[in-house]
Amino acid sequence: MTTPSAVSAVPAYAAPAPKAPLERTVIERRQVGEFDVLIDIKFAGICHSDIHQAREGWGEAIFPMVPGHEIAGVVSEVGSGVTKYQVGDRVGVGCLVDSCRECENCKAGQEQYCLNGSFGPTYNAIGRDGTPNYGGYSQKIVVDENYVVRIPDGLSLDVAAPLLCAGITLYSPLKRWNAGPGKKVAILGLGGLGHMGVKIAHALGAEVTVLSQSLRKKDDGLKLGADHYYATSDPKTFEELRGTFDLIVSTVSAPLDFNAYLTLLKTEGALVNVGAPEEPISLNLFSVIGGGKTLAGSMIGGIGETQEMLDFCAGHGFGAEIEMIRGDQINEAYERVLASDVRYRFVIDTATI
Ligand code: NAP
Ligand code: ZN
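What you are looking at is a predicted structure, and each value in this text was computed from that prediction instead of being measured.

Here's the deal with unusual backbone geometry
Turning to step 1, where the next piece is worked out: The step from Phe-63 to Pro-64 runs through a cis peptide bond, and the omega angle for that step is -5 degrees.
Turning to step 2, where the next piece is worked out: Along the chain, Pro-64 falls in the loop between helix 1 (48-54) and strand 4 (71-78).
Turning to step 3, where the next piece is worked out: In the Ramachandran plot, Asn-124 falls in the positive-phi region, its phi being about 55 degrees despite a non-glycine side chain.
Turning to step 4, where the next piece is worked out: Locating Asn-124 in the fold gives a position in the loop between helix 2 (104-107) and strand 6 (140-144).
Turning to step 5, where the next piece is worked out: A positive phi angle is found at Ser-340, which is not glycine, with a value near 55 degrees.
Turning to step 6, where the next piece is worked out: Residue placement: Ser-340 occurs in the loop between helix 11 (330-338) and strand 15 (345-349).

And the structure:
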């Protein structure tokens, strides 16, 4: 049933059931509330997390599912209480559209670690109002202004979209673990997240190494800002790079032998994992005891930090490297992501939905 003032008949792409191909549909968005903005979505990135969830790789999910948490667009309507945005503003929305706003993490600007919320994710969640959250593979979205960020003038909306997840997911741990001048940083996996990791770590002044399965993308990696590039399929890589890195950030979407990668750290170095494989890994704890090493995790970043990241990328003059696709190419793009055949983020032109 259509509620009178809801935003109805919004074209979208949805997975109707787990593992089913995505298909074109229409959805409804809630009416624009006092503190909401209505955004005309122009571009939406495809994150590997969309695929994990649409295929129920992380466990039971909510269907139909409209994935997409790398959203860039233009504000087309604002609620009466909105103070931060006006019609015409260029804005973005990432992985969060809400959080409790009261717990210590929300108050500290770490909304991604909200202690009370299962309603905050942009999709595959039930919102505060009891209706499913639908993501960015659609032409419009209604979001509370506190979960919207501003896209700086210098950044085109298409290359800005992937920053909303891939950008912040790498920026946050690189900052927290002090990537910068004098630090040797390795980025493991050169996909959507990994290529942003290379750009950001390089812009922060670190000496950057890409650890990829093969040397297939070496030229690209060096152009993106890497100083060195190694194939992890070559056992010599592990001998040569033993004890080299202050920080390794793993963006790999499949289970890996972290024991081997931990040997590449210096004494007291850190391996921060952001990849979210569907199966557990096996860890020999002697891999961290010897050398006093840290194995840590990190999830996206807070709303304030996401704004900081966008300003940082715009200030350094870069967005993501993208391949633009139409709505009817989403399923094919999923297969290419799964085959590590992405250079380096698929972005949907939502006008084609
Ligand atoms: P992606 O574009 O598919 O990149 C993943 C890269 O991992 C691939 O390009 C490939 O790099 C490498 N890889 C894939 N399979 C591998 C295997 N079997 N062995 C070794 N390396 C392999 O995916 P993404 O969008 O960057 O996302 C990466 C992971 O991060 C996903 O699991 C996603 O769900 C997760 N994620 C986490 C967060 C967070 O907040 N922590 C946020 C977003 C996404 P090479 O070709 O260079 O080897
Ligand atoms: Zn993502």
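What to know about the pairing of strand 9 (residues 207-212)
Turning to step 1, where the next piece is worked out: Strand 9 sits mainly inside the fold: five of its six residues count as buried.
Turning to step 2, where the next piece is worked out: Alignment of strand 8 (residues 184-188) against strand 9, held across five bridges, turns out to be parallel. Among the inter-strand pairings, Val-185 is bridged to a residue of strand 9, identified as Val-208.
Turning to step 3, where the next piece is worked out: Between the parallel pair strand 8 and strand 9, the chain is carried across by helix 5 (residues 192-203), and the sense of this crossover is right-handed.
Turning to step 4, where the next piece is worked out: Following the backbone out of strand 9, through helix 6 (residues 218-224) and into the adjacent parallel strand 10 (residues 228-231), one traces a crossover that is right-handed.

What to know about the environment of Glu-104
Turning to step 1, where the next piece is worked out: Positionally, Glu-104 belongs in helix 2.
Turning to step 2, where the next piece is worked out: Judged by its relative accessible area of 62%, Glu-104 falls in the exposed class.
Turning to step 3, where the next piece is worked out: Separated by eleven residues in the primary sequence, Glu-104 and Leu-115 have C-alpha atoms spaced 7.9 Å apart.

Comments concerning the UniProt feature "domain: Enoyl reductase (ER)" (unreviewed entry) in the protein
Turning to step 1, where the next piece is worked out: Feature annotation in UniProt places "domain: Enoyl reductase (ER)" (unreviewed entry) on residues 20-348, given in this structure's numbering.
Turning to step 2, where the next piece is worked out: A distance of 19 Å separates the end C-alpha atoms of residues 20-348, which is 25% helix and 24% strand.

Section: the site of ligand 1
Turning to step 1, where the next piece is worked out: What surrounds ligand 1 is a group of 30 residues, the closest being His-48, Leu-190, Ser-212, Lys-217 and Arg-345.
Turning to step 2, where the next piece is worked out: In this structure, an oxygen atom belonging to ligand 1 sits 3.5 Å away from a main-chain N or O atom of Gly-191.
Turning to step 3, where the next piece is worked out: In the environment of ligand 1, an oxygen atom lies 2.8 Å from a nitrogen or oxygen atom belonging to the side chain of Gln-213.
Turning to step 4, where the next piece is worked out: In isolation ligand 1 offers 910 Å² of accessible surface; the protein chains occlude 89% of this area.
Turning to step 5, where the next piece is worked out: If you list the elements that add at least two residues to the shell around ligand 1, you get helix 1 and helix 5.

What counts as what
- Residues numbered from 1 in each chain as written.
- Chains lettered and ligands numbered in written order.
- Predicted model: local features only at pLDDT ≥ 70, side-chain atom pairs only at ≥ 80, totals over all residues.
- Heavy atoms only, no water.
- Helix = DSSP H or I, 4+ residues; strand = E, 2+ residues; numbered from the N terminus.
- Buried < 20%, exposed > 50% of the residue type's maximum accessible area, 1.4 Å probe, protein only.
- Pairing = 2+ DSSP bridges.
- Right-handed = clockwise from strand over helix to strand, strands pointing away.
- UniProt positions renumbered as here; feature names shortened; annotations may be inferred.
- Near = heavy atom within 4 Å.
- Polar contact = N/O pair within 3.5 Å; in protein donor to acceptor, adjacent residues only side chain to side chain.
- Areas by Shrake-Rupley, 256 points an atom, 1.4 Å probe, with all protein chains shown as cover.

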